[in-house]
Amino acid sequence: MTDGAAAGPPPIRHNDHSPLTPPALGAWEPSLPVSVVIPARGGQHRLDLALAALAAQSYPAHLMEVIVVDDGSDPPLRLPEIAPPGARIEPAAPGGWGIAHAVNTGAARAGGEIVQRLDSDMVVCREHIEALARWHHLAGYVVAIGAKRFVEEPVLSPGEVHDAVRAGSLGEVFDLSAAQASSTEQTIARTNGLRTSRNPYHVCTGPTVSLRREVFHAVGGFDPAVLRGEDTEFAYRLAAHGVVFVPDMDAQAVHLGIPAQRLDRERAVRTVAPYLAQRVPLRRDLRKDPGRQWLVPYVEIVFRLGEDPDPGRVRAAVGAALSGSLPDVVVTLVAPWSKLSENRPGPDDPLFELRLLREHFAHDRRVRLTDEGDGTSAAGGVAGIAVTPAPIPFRYTGPVSVPLGRDSLERMIAAMQDDRSGMLVVDLGEDGPATLVRTEALGRALLLGATDVTASIEATHGVRHGARADFWPAKDRKDRKDQKAQKTESTGKPGRPGRPEKPAQGARAAQVTRAEKAVQPEAAAQPGRAARPEKAAKTAETAQTGKAAEAGKAAKTGQAASGGARPSARVPGRAASAAARRRNWRSLLRSTLRPD
């Protein structure tokens, strides 16, 4: 292992790093240079102790540099007498501040192939750097995590620490029996060294972590906008990139002082929560607010449209995707959008429908318009999209002709979470397959340089196959069909079930006319039908008014026949006004048109 990496490392299933066997400490020859990056703000004495320990490391001095990034200390930090030969202090790059910004500054100036991130209040054992670096000589996609215990800071000199570390015994200067164990080490032990962990990124909390420099830059480094929990957010993006997390308990260290989160855990959790809720979709427990949209969606939904899409189908598919049971999704529409010039289109524009769809979706923040030539196709993907949707943890691709059911995505993800598979392929018959890919599985295949991505995912995570009925249940489809039929039956037109619609103006006028014709002949044919004396008297009083009397008789007769209208007030015959007669007709028509 002197060439920097073993050729063709075996595929690792999920995070089970058992196929990787590191060499014994002191029994191998390192070849990869390491850059130790230490972000620091104040705390000169603790930094002196940390550098004294690094000056006594077993890793070859000519292969190690130490970059201390001063994040605005006042007074500025200085390099102590006892420090590694390759140590230097660099000011943080202008335009930013904080741990994330400082680490990014150090990584940008690092010359080593391995970046070792270390806190300025960590005193490491003699083999610490060697223990973590050996994993990177085995595979380039490993993130190695060191161990730590928390101790109250004793009164020590850098010389005492240097001598104790060189002798191989931190216990000579620290009371390790009183040290507090890290909660992450409990998780590591419970999951067999993270081999069985479903989300191993949780324990990658920053104080001592190493990885290949190209991997650090490939995921974009730390996010300076994350002021709390920046190490967890960074580790999540590493997981989406496909790395394997390997804890090494031989890389021991002590953390000087008790961390603030142990003193007020509730406040620490609340401080970190909003940063992780926005950026780590797998933290479903943090995304419970209804109606919210988040910075990083849970699923990317991809549809390929072509040059002449069916606008009705596209709108239906997008609408179904955005109104499903999973609200934090984004839709990517892949089409030759670049062919839509800004020149005046002709009357026979061949891209007419595509032009209208662009305007329909261009201003929707949950819909992305991606040109067919913008990216490279990958397994479960479509030509034109980015190879990986990271940091989005899932990508769905399917035919636009089959809209997602309300809970189709939720069902598919649940199936994949059940067996931790990396890909799910659903047979949709003549419409073609629908595919859901786990981003970390796709990332692993790319890190391995796989030419057959699907086969690589099968080897590292597994590929699951399903039927349409499993994720688009027949019952749901039948219910929708029955509701539509019920609506059509009750109103004569499709719409929402169980709610009769108001007739159109023209139809209502025709209905009123038919009601008038149905009532008036009945009144004329039976002028003496009134059952009560006051109706007969009323008819006699109005008989002399000619046409008005006939109208009044029809109204009275219609009311008696319908049984639904309240009798009008008694009005002397010659004093009856036109307004009163109109009120009688309106009452009659309301009773006639009232549904049973």
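See above for the structure.
Residues numbered from 1 in each chain as written. Predicted model: local features only at pLDDT ≥ 70, side-chain atom pairs only at ≥ 80, totals over all residues. Heavy atoms only, no water.

Visitor: When you look at the nonpolar core in this model, what are you seeing that I'm missing?
Guide: Nonpolar side chains tend toward joint burial in soluble globular proteins. With 41 residues, the main nonpolar core has Val36, Ile38, Leu54, Tyr59, Val123 and Phe174 as its most contacted residues. At the level of elements, strand S1 (34–40), helix H1 (44–54), strand S2 (64–70), strand S4 (114–118), strand S5 (122–124), helix H3 (128–136), helix H4 (158–166) and strand S11 (253–256) are the ones that each hand at least two residues to this core. Ranked by residue count, the leading element in this core is H1, at 6 residues. Residues within four places of Ile38 in sequence aside, it is in contact with Leu47, Leu51, Leu54, Val66, Ile67, Val68, Val69, Leu118, Asp119 and Ser120. (Core = buried A, V, L, I, M, F, W, Y, C linked by side-chain atoms within 4.5 Å. Buried < 20%, exposed > 50% of the residue type's maximum accessible area, 1.4 Å probe, protein only. Helix = DSSP H or I, 4+ residues; strand = E, 2+ residues; numbered from the N terminus. Contact = heavy atoms within 4.5 Å.)

Visitor: Can you walk me through the packing of helix H13 (residues 439–447) against helix H14 (residues 453–460) in this structure?
Guide: The relative placement of two packed helices comes down to the angle between their axes together with the axis-to-axis distance. Their axes nearest at 9 Å, the elements H13 and H14 cross at an angle of 110°. By the angle between their axes, H13 is roughly perpendicular relative to H14. When the axes of H13 and H14 are compared, the crossing they make is right-handed. On the side of H13, the interface is formed by Ala441, Leu442, Arg444 and Ala445, while H14 contributes Val453, Ser456, Ile457 and Thr460. (Axes fitted to C-alpha atoms, helices over the stretch in contact; angles between N-to-C directions. Parallel < 35°, antiparallel > 145°, perpendicular 65-115°, else oblique. Left-handed = near helix turned anticlockwise from the far one by under 90°.)

Visitor: What exactly am I supposed to notice about the sheet that holds strand S15 (residues 394–397) here?
Guide: In sheet architecture, strand pairing relies on hydrogen bonds along the backbone and comes in two forms, parallel and antiparallel. Spatial strand order, S14-S13-S12-S15-S17-S16-S18: 7 strands in an open sheet with mixed pairing. Among the strands making up the open sheet, the edge pair consists of strand S14 (367–371) and strand S18 (463–467). For this sheet, the mean angle separating the axes of adjacent strands, direction not counted, is 20°. Taken together, the 4 bridges between strand S12 (residues 299–304) and S15 define a ladder with parallel strand orientation. In the sheet register, Val299 faces S15, and the bridge partner there is Phe394. Across the sheet, helix H10 (residues 311–322) is in contact with S12, strand S13 (329–335) and S14; its angle to S13 comes to roughly 160°. H13 rests against S15 and strand S17 (433–438) of the sheet, and its axis sits at about 80° to S17. (Pairing = 2+ DSSP bridges.)

Visitor: Looking at this model, I keep getting lost on the sheet that holds strand S10 (residues 244–248). Mind explaining?
Guide: Judged by pairing direction, the sheet is mixed, and its 7 strands sit side by side in the order S3-S2-S1-S4-S9-S6-S10 without closing on themselves. Since the sheet does not close on itself, it has two edges, and those belong to strand S3 (87–91) and S10, each with one partner. Each strand axis lies, on average, 25° off the axis of its neighbour in the sheet, ignoring direction. Here S2 runs beside S3; their pairing, made up of 5 bridges, is parallel. Directly across from Ile67, in S3, lies its bridge partner Arg88. Across the sheet, H1 is in contact with S1, S2 and S4; its angle to S2 comes to roughly 170°.

Visitor: Whenever I open this one, the side chain of Thr232 confuses me. Can you help?
Guide: Structurally, Thr232 can be placed in helix H7 (residues 230–241). Note on Thr232: relative accessible area 14%, which makes it buried. Residue contacts for Thr232: discarding those within four places in its chain leaves Tyr201, Cys204 and Leu276.

Visitor: Looking at this structure, how should I read the pattern of salt bridges?
Guide: Oppositely charged side chains may form a pair once their charged atoms are brought near each other. Tallied over the full model, the rule gives 25 salt bridges. We note a salt bridge from Arg464 to Asp419, for which the minimum N-O separation is 3.4 Å. With Arg464 in strand S18 and Asp419 in helix H12 (residues 408–419), the pair connects residues that are 45 residues apart, well separated along the chain. Because the salt bridges share partners, they merge into one network encompassing Glu65, Arg88, Glu90 and Arg109. (Salt bridge = Lys/Arg side-chain N within 4 Å of Asp/Glu carboxyl O.)

Visitor: Help me understand the pairing of S13, please; the structure alone is not making it clear to me.
Guide: Where a strand is regular, its side chains alternate between the two sheet faces. Among the 7 residues of S13, 7 are classified as buried, and the element is accordingly described as predominantly covered. Of the two faces of S13, the one holding Val329, Val331, Leu333 and Ala335 and the one holding Val330, Thr332 and Val334 are both buried throughout. Strand direction decides the pairing type here: S12 and S13, joined by 6 bridges, are parallel. Each residue of the ladder has a partner; that of Arg304, found in S13, is Val334. Between the parallel elements S12 and S13, the chain passes through H10 in a crossover that is right-handed. As defined by bridge partners, S13 adjoins S14 across 5 bridges and the pair is classed as parallel. Following the sheet pairing, Leu333 is matched in S14 by Leu369. (Right-handed = clockwise from strand over helix to strand, strands pointing away.)

Visitor: What exactly am I supposed to notice about helix H11 (residues 352–361) here?
Guide: Residues spaced three or four apart along an α-helix point in a common direction, a consequence of the helix completing one turn every 3.6 residues. Turning to H11, its buried residues are Leu354, Arg355, Leu357 and Phe361. Summarising the axial view, the buried residues of H11 lie within an arc of 165°, below the 170-degree limit, and thus occupy one face. Taken together, the buried residues of H11 touch H10, S13 and S14. (Arc of directions from axis to C-beta.)

Visitor: Teacher, can you tell me more about unusual backbone geometry here?
Guide: Backbone geometry follows two general trends: most residues other than glycine have a negative phi, and most peptide bonds adopt the trans configuration. Cis geometry marks the peptide bond from Asp74 to Pro75, where omega comes out at 5°. Within the secondary structure, Pro75 is located in the loop between S2 and S3. Looking along the chain, the bond that leaves Ala390 and enters Pro391 is cis, with omega of 10°. You can see Pro391 is positioned in the loop between S14 and S15. A positive phi is found at His14, a non-glycine position, where the angle reads about 55°.

Visitor: I'm lost on the packing of aromatic side chains in this one. Help?
Guide: For any two aromatic rings, the description comes down to two numbers: the centre-to-centre distance and the angle of the planes. For the structure shown, the criterion picks out 5 aromatic pairs. An angle of 70° between the planes, with centres 5.7 Å apart, marks the rings of Tyr201 and Tyr236 as edge-to-face. Taken together, the residues span a long stretch of sequence, with Tyr201 in the loop between helix H5 (183–190) and strand S9 (208–212) and Tyr236 in helix H7 at a distance of 35 residues. Take Tyr201 and Tyr236: they sit in the same class, and that class is buried. Centre to centre, the rings of Tyr298 and Phe394 are 5.7 Å apart; their planes meet at 85°, and the pair counts as edge-to-face. A residue pair is termed long-range when its members are at least 10 positions apart, and Tyr298 in the loop between helix H9 (265–279) and S12 and Phe394 in strand S15 qualify at 96 residues. With respect to burial, Tyr298 and Phe394 carry one shared label: buried. In this structure, Arg292 packs its charged tip against the face of Trp294, placed 4.2 Å from the ring centre. (Phe/Tyr/Trp six-rings, centres within 6.5 Å; stacked < 30°, edge-to-face > 60°. Lys NZ or Arg CZ within 6 Å of the ring centre and 35° of its normal.)

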